[in-house]
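Examination of the molecular architecture
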Amino acid sequence: MAVLRSEYFPAAAVLVGVILFWTIGLLGGLSWLSGGQPPLAILTWMIFIYGVVVLSPLAGIIAAVDLVRRWLRNRQVRRQQLGTADVESR
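First, a word on scope: everything that follows refers to the structure included in this document. Predicted model only: the values in this text are computed from it and were never measured. Within each chain, residue numbers correspond to sequence positions counted from 1 in written order. Totals for whole chains, interfaces and linings use every residue, but because this is a predicted model, local features are given only for residues with pLDDT of at least 70 and side-chain atom pairs only at 80 or more, for both listing and counting. Only heavy atoms go into the side-chain values, all of them from the structure, while hydrogens and water stay out.

Re helix α2 (residues 9-26)
Between its terminal C-alpha atoms α2 stretches 25 Å, which fits the 26 Å expected from 18 residues at 1.5 Å a residue. Phi turns positive, to about 100°, at G28, one or two residues after α2. Secondary structure is summarised from DSSP: a helix means a run of H or I of at least four residues, a strand means a run of E of at least two, and numbering begins at the N terminus for each. Working rule for helices: expected span equals 1.5 Å times residues minus one.

Brief notes about the packing of aromatic side chains
Any Phe, Tyr or Trp ring, taking Trp's six-membered ring, that has another such ring centre within 6.5 Å forms a pair; planes under 30 degrees apart are called stacked, those over 60 apart edge-to-face, and the others tilted. According to the stated counting rule, one finds two aromatic pairs in the structure shown. With a centroid separation of 5.6 Å and 85° between ring planes, the pair formed by F21 and W22 is classed as edge-to-face. Look at W45 and F48: their rings are 5.4 Å apart centre to centre, the planes differ by 35°, and that puts the pair in the tilted class. Here F48 and W45 lie together in helix α3 (residues 39-89), a separation of three residues that amounts to about one turn.

Here you go:
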């Protein structure tokens, strides 16, 4: 349950989703187009996929930047806490 409450969880979930989407796409995720689907269903699905293809790199970059920013901030806070604890013990 601590994982779901982690401040890293939302950005990590987005990043994993983007990586999973592109991995499935690279492994042949569009092979279903060879089936006998109605044209409107194919068009709707292709518009949806186009939107995801355009927006997923942006979402991945934002998620990665957020993860790095949070990690650096937490690392800095820990260093400051250790520095003040070290000064107080002297």
